[in-house]
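# Observations on the model geometry
Residues per chain are reported as follows:
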Amino acid sequence: HRGVFVAGEKEGVWKEWQGDGGGKTVGWVEGEREGVSETFYANGKRARAGLWRRDMRQGAWRSWRPDGTPHTEEHWDSGVATGLWRWWHENGVLGGAAEKEGGKLHGQFRSSFDDGQPKEEGRFEADRGVGTWTIWTEDGSRIVDQWRAGVQEGLWQSFAPDGRKLEEGQFL
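The following paragraphs examine the structure supplied in this document. Keep in mind it's a predicted model, so treat the numbers as computed, not measured.

### A word on the nonpolar core
- Membership of the largest hydrophobic core is limited to eight residues, which are Trp 14, Val 26, Trp 28, Trp 52, Trp 61, Trp 76, Ala 81 and Trp 85.
- In contact with Trp 76, not counting residues within four places along its chain, are Arg 57, Gln 58, Gly 59, Trp 61, Ala 81, Thr 82 and Trp 85.
- Ranked by size, the runner-up nonpolar core spans five residues in total, among them Ala 98, Leu 105, Phe 109 and Trp 133.

Here's what the structure looks like:
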């Protein structure tokens, strides 16, 4: 670690070196994280970057893989997860997107396989699955079921890749 203490509190930009050769810089004001924070891999590429305000995450935070391709993007408001969160597969294809509100999953959720084909789609309310969810397999078959407050209920169906219905049942 390298930085300055003022009146016993961290102040200014602090640098930290990690055992693997990577590093991190974080701004401090009166002992609280403030300003840009960046973490780097040993190869010098950015691993993570974001902004601190009064020791709370604020705005967009992004992470990358060691080769520099995107990994995640998160949004924060005064330390609370909010807005669109996205993540990518190693090949650069968008792996999924979810909305957060008040720190919880809330709204549309979508994920995909690394070839871009859909994997899962549904909605969350306060971290719980609600409504119709569809889950695909890599061969294109799918299951469609219903959720209420995070619990499966009602009709579920499975379909072959060509759309033929294979099974149907009820969650009570």
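### Regarding the pattern of salt bridges
- Within this structure, the stated rule accounts for ten salt bridges.
- Residues Asp 55 and Arg 33 are paired through a salt bridge, measuring 2.7 Å at the closest nitrogen-oxygen approach. Here the residue Asp 55 occupies a position in the loop between strand 5 (46–53) and strand 6 (56–64), and Arg 33 occupies one in strand 4 (residues 32–40), the gap between them amounting to 22 residues.
- A residue is classified by how much of its surface remains accessible, and Asp 55, at 30% relative accessible area, is partly exposed.
- The exposure class of Arg 33 is partly exposed, given its relative accessible area of 26%.
- Salt-bridge contacts for Glu 74 lead to Arg 48; the nearest nitrogen and oxygen are separated by 3.1 Å.

### Concerning the environment of Trp 61
- Mapped onto the fold, Trp 61 is located in strand 6.
- Here Trp 61 falls in the buried class, since its relative accessible area comes to 3%.
- Residues in contact with Trp 61, not counting those within four places in the same chain, are Ser 37, Arg 48, Ala 49, Gly 50, Leu 51, Trp 52, Thr 72, Glu 73, Glu 74 and Trp 76.
- A polar contact of 3.2 Å, which involves the side chain of Trp 61, links it to the backbone oxygen of Leu 51.

### A look at the packing of aromatic side chains
- In total, this model carries seven aromatic pairs according to the counting rule given.
- On the basis of an interplanar angle of 80 degrees and a centroid distance of 5.2 Å, the ring pair of Trp 52 and Trp 61 is categorised as edge-to-face.
- Linked through ring pairs, Trp 87, Phe 109, Phe 124 and Trp 133 together constitute an aromatic cluster.
- Taking NZ or CZ as reference, Arg 142 lies 4.3 Å from the ring centre of Phe 159, over its face.

Conventions and cut-offs
Residues numbered from 1 in each chain as written. Predicted model: local features only at pLDDT ≥ 70, side-chain atom pairs only at ≥ 80, totals over all residues. Heavy atoms only, no water. Core = buried A, V, L, I, M, F, W, Y, C linked by side-chain atoms within 4.5 Å. Buried < 20%, exposed > 50% of the residue type's maximum accessible area, 1.4 Å probe, protein only. Contact = heavy atoms within 4.5 Å. Salt bridge = Lys/Arg side-chain N within 4 Å of Asp/Glu carboxyl O. Helix = DSSP H or I, 4+ residues; strand = E, 2+ residues; numbered from the N terminus. Polar contact = N/O pair within 3.5 Å; in protein donor to acceptor, adjacent residues only side chain to side chain. Phe/Tyr/Trp six-rings, centres within 6.5 Å; stacked < 30°, edge-to-face > 60°. Lys NZ or Arg CZ within 6 Å of the ring centre and 35° of its normal.

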